[in-house]
Amino acid sequence: MNEISIVLVTAGSEEEAAAIGRTLVEERLAACANIVPHVRSIYRWKGAIHDEQEFLIIIKTRTSLFEAVQKRVKELHSYEVPEIIAFPIAQGLPQYLEWVQVETAG
C-alpha cells in the first residue's frame, strides 16, 4: 500500500483556501481538503512580527504526490512563501487509507 500523508497549508482567506482545496481534489492530487477557519498565526516575516487570521487547509494525499501538490499550491497561492508541510500518516482506518489511494489514482 502506498503511504498516505497529511499536507498542511495556510491561506489568508477562506476563498483562497477553498480554491486551493477544490483544485487539488478536482485534479486528483488530494482525496480530501478540510478547511479550518479562524486560525490565529503569529509569525516573523521580513523582520516584523505579524499576528493575523488565516485558514488552515488539511490535505489528505499519497506521499508520492507531495511534489505535485507542492507545485500546484505554489501556483495557486497568493503568498510569496506559503506554508506547505507534510506528515506521513503512521496508522489509520484501512478503509479510509484505501479511499485516499483510490481518489488520488491518476
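That block above? That's the structure.
What you see is a predicted model, and the numbers here were worked out from it, not measured in a lab.

**What to know about the packing of helix 1 (residues 14-26) against helix 2 (residues 66-76)**
Contact geometry of helix 1 with helix 2 gives a least axis separation of 10 Å together with a crossing angle of 145 degrees. Note that helix 1 runs across helix 2; the crossing there is right-handed. Across the interface between the two elements, Glu16, Ile20, Thr23 and Leu24 of helix 1 pack against Val69, Arg72, Val73 and Leu76 of helix 2. Here the contact of helix 1 with helix 2 is built from residues that sort into five nonpolar, one polar and two charged.

**Overview of the packing of aromatic side chains**
Summed over all chains, the structure comprises one aromatic pair. Both rings, one in tyrosine 96 and one in tryptophan 99, keep their centres 5.4 Å apart while their planes meet at 40 degrees; by these two values the pair is tilted. Taken together, the positions of tyrosine 96 and tryptophan 99, both in helix 3 (residues 94-103) and three residues apart, correspond to about one turn of that helix. The partly exposed category is assigned to tyrosine 96, whose relative accessible area is 32%. On the basis of relative accessibility, which here comes to 33%, the residue tryptophan 99 falls in the partly exposed class.

Calculation notes
Residues numbered from 1 in each chain as written. Predicted model: local features only at pLDDT ≥ 70, side-chain atom pairs only at ≥ 80, totals over all residues. Heavy atoms only, no water. Axes fitted to C-alpha atoms, helices over the stretch in contact; angles between N-to-C directions. Helix = DSSP H or I, 4+ residues; strand = E, 2+ residues; numbered from the N terminus. Left-handed = near helix turned anticlockwise from the far one by under 90°. Contact = heavy atoms within 4.5 Å. Nonpolar A, V, L, I, M, F, W, Y, C, P; charged D, E, K, R; others polar. Phe/Tyr/Trp six-rings, centres within 6.5 Å; stacked < 30°, edge-to-face > 60°. Buried < 20%, exposed > 50% of the residue type's maximum accessible area, 1.4 Å probe, protein only.

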